Amino acid sequence: MSVDTHTSTFIVSIQEGVATVSFNRPEKANALHRQGWTDLQHTFESLDENPQVRAIVLHGEGKHFCSGIDVSMLMEIGQMVNKGCEGRKREKLRKFILDLQATVNAIEFCSKPVLAAIHGGCIGGGVDIICACDMRYASEEAYVTVKEIDMGMVADLGTLQRLPKLIPHGVAREWAYTGQKVSSRRAKEVGLVNEVYADKETLLTEVQAIAQAIAEKSPLSIRGIKEVMNHARDHSVQEGLNYIATWNAGMLMSDDLMQAMQASMMKQKPTFED
């Protein structure tokens, strides 16, 4: 079954359990304006609730993956918080930042694995976005840059919190302090991306294949793995072990377990309900 939908910022296609989400502002290097951030959150919340979706591939139309926040949106901030006393202005600004964080969090909180397929530039807010994904893959010409330092800003949508948990802490600091353009090969070397492919076409083909392999597994187990691994990242080993014991006490005896065991004994490929 194939389903295609569009928002003002994204194209979403669902086929054989895999949702492909495409940034669709190529004329703006896929920079996200205010509506774009809203669309990002709504898209991933919708896919989270969609039982037909078992894995998600995120990529960009045109020459670049995503160039982060549209500059026009930054120019609007002053107008957004220009009323009231200083305390109320700062309260509005804090709420605005928390709302943007929530859009990126929607990727991490989505119960389905999200695979980022990065080509061209992944800049500023684009790095926030890929850090919230489960896995990252890149084409040869791709690059990432924590660009906020060159704009006189401190990255505030998750890069400084998530990146040091994906790559060596000192490397994350180097990237954040310098805003340097990091090649896809270097990104793979330090562990940010899983694999580098020759070009965008090969990248999308290979990442779709990985997503399809995930979609063929037990969806209950895949959702459980994401939940448990996200918990383990932020807790001690003992806390993580206690969590998985409780999780499996509730989820282990599922129809998926019996289906997998029967298929294995019969040397067949199992099929699972959504």
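Above: the structure in question.
Residues numbered from 1 in each chain as written. Predicted model: local features only at pLDDT ≥ 70, side-chain atom pairs only at ≥ 80, totals over all residues. Heavy atoms only, no water.

Visitor: What should I look at first to understand the environment of Val71 in this one?
Guide: Tracing the backbone through its elements, the reader meets Val71 in helix α2 (residues 71-80). For Val71, a relative accessible area of 52% gives the class exposed. In this structure, the C-alpha to C-alpha distance between Val71 and Ala132, residues 61 residues apart in sequence, is 22 Å. (Helix = DSSP H or I, 4+ residues; strand = E, 2+ residues; numbered from the N terminus. Buried < 20%, exposed > 50% of the residue type's maximum accessible area, 1.4 Å probe, protein only.)

Visitor: Sorry, what's going on with unusual backbone geometry here?
Guide: Here the phi dihedral of Ala29 falls at roughly 55 degrees; this positive angle occurs in a residue that is not glycine. Within the secondary structure layout, Ala29 lies in the loop between β3 (18-23) and α1 (34-49). For Asn30, which is not glycine, the phi dihedral falls at a positive 60 degrees. With respect to the helices, strands and loops of the structure, Asn30 is situated in the loop between β3 and α1. Residue classification places Asn30 among the buried residues on the basis of a relative accessible area of 1%.

Visitor: Even after reading the chapter, I still don't get the environment of Met153, so can you show me in this structure?
Guide: Along the polypeptide, Met153 turns up in the loop between β8 (143-145) and α5 (159-162). When residues no more than four places from it in sequence are discounted, the contact partners of Met153 are Leu74 and Glu148. (Contact = heavy atoms within 4.5 Å.)

Visitor: Please clarify how the packing of helix α9 (residues 219-233) against helix α10 (residues 237-251) should be interpreted in this entry.
Guide: For any two helices packed against each other, the geometry is given by the interaxial angle and the distance between the axes. One way to put it is that α9 packs onto α10 with a least axis distance of 10 Å and a crossing angle of 160 degrees. Regarding the angle of α9 to α10, the classification is roughly antiparallel. Handedness of the crossing formed by α9 with α10: right-handed. Of the residues in α10, those touching α9 at Leu220, Gly224, Glu227, Val228 and His231 are Glu239, Gly240, Tyr243, Ile244, Trp247 and Met251. Looking at the contact of α9 with α10 residue by residue, the class counts come to six nonpolar, three polar and two charged. (Axes fitted to C-alpha atoms, helices over the stretch in contact; angles between N-to-C directions. Parallel < 35°, antiparallel > 145°, perpendicular 65-115°, else oblique. Left-handed = near helix turned anticlockwise from the far one by under 90°. Nonpolar A, V, L, I, M, F, W, Y, C, P; charged D, E, K, R; others polar.)

Visitor: Looking at this structure, I do not really get the environment of Leu203. What am I missing?
Guide: Tracing the backbone shows Leu203 in helix α8 (residues 200-215). Leu203 gets classed as buried once you look at its relative accessible area, which sits at 0%. C-alpha separation for the pair Leu203 and Arg90, spaced 113 residues apart in sequence, amounts to 43 Å. If we skip the residues at most four places from it in the chain, Leu203 touches Ala117, Ile118, His119, Tyr137, Ala138, Ser139 and Tyr197.

Visitor: Please clarify how the sheet that holds β8 should be interpreted in this entry.
Guide: Whether parallel or antiparallel, the strands of a sheet pair through hydrogen bonds between backbone atoms. On the basis of which strands lie adjacent, the open sheet formed by three strands has the order β6-β8-β9 and mixed pairing. The open sheet has two edge strands with one neighbour each: β6 (121-123) and β9 (182-183). (Pairing = 2+ DSSP bridges.)

Visitor: Got a minute to help me understand the pairing of strand β4 (residues 55-60) in this structure?
Guide: Within a regular strand, side chains alternate between the sheet's two faces. By the criterion of burial, β4 is predominantly enclosed, with six of the six residues buried. Burial along β4 is two-sided: the residues Ala55, Val57 and His59 and Ile56, Leu58 and Gly60 are all buried. The pairing of β3 with β4 spans six bridges and is classified as parallel. Residue pairing in the sheet places Phe23 in a bridge with Gly60 of β4.

Visitor: For this particular structure, what's the right way to read the layout of surface pockets?
Guide: Gaps left between atoms show up when a probe the size of a water molecule is rolled over them. Here the largest pocket defines a volume of roughly 480 Å³. Cys133, Asp134, Met229, Asn230 and Arg233 are the residues nearest the centre of the largest pocket, which is lined by 20 residues in total. Looking at the lining of the largest pocket, the elements with two or more residues in it are β7 (135-139), α5 and α9. Sort the elements by how many residues they give to the lining of the largest pocket and α9 lands first, with six residues. For the lining of the largest pocket, the class distribution of residues is nine nonpolar, three polar and eight charged. (1 Å grid on protein atoms, 1.4 Å probe; cavity = no way out; pocket = protein on both sides within 12 Å on 5 of 7 lines; lining within 4 Å. Points joined across faces, edges and corners; volume = space filled by probe spheres on them.)

Visitor: Teacher, can you tell me more about the nonpolar core here?
Guide: As a rule of thumb, soluble globular proteins bury nonpolar side chains together. Core analysis: the biggest nonpolar cluster contains 53 residues, and Trp37, Ile129 and Trp175 have the highest contact counts within it. Top element by residues in this core is helix α3 (residues 86-109). It accounts for five residues. Counting 14 residues, the second largest nonpolar core, distinct from the first, contains Ala55, Leu115, Ala117 and Tyr197. (Core = buried A, V, L, I, M, F, W, Y, C linked by side-chain atoms within 4.5 Å.)

Visitor: Help me understand the side chain of Ser22 in this model?
Guide: Turning to its location among the elements, Ser22 is positioned in strand β3. On the basis of relative accessibility, which here comes to 5%, the residue Ser22 falls in the buried class. At 2.9 Å, the side chain of Ser22 and the side chain of His59 are in polar contact. (Polar contact = N/O pair within 3.5 Å; in protein donor to acceptor, adjacent residues only side chain to side chain.)

Visitor: Where do I start with the packing of aromatic side chains in this structure?
Guide: The geometry of an aromatic ring pair is captured by the separation of the ring centres together with the interplanar angle, meaning the angle of the planes. Under the definition given, this model contains two aromatic pairs. On the numbers, 5.2 Å between centres and 45 degrees between planes, the contact of Phe10 with Phe23 is tilted. Of this pair, Phe10 sits in strand β2 (residues 10-15) while Phe23 sits in strand β3, and the two are 13 residues apart along the sequence. Note on accessibility: Phe10 and Phe23 belong to one class, buried. A network of ring pairs unites the aromatic residues Phe10, Phe23 and Phe65 as a single cluster. Positioned above the aromatic ring of Tyr143, the side-chain terminus of Lys181 is 4.4 Å from the ring centre. (Phe/Tyr/Trp six-rings, centres within 6.5 Å; stacked < 30°, edge-to-face > 60°. Lys NZ or Arg CZ within 6 Å of the ring centre and 35° of its normal.)

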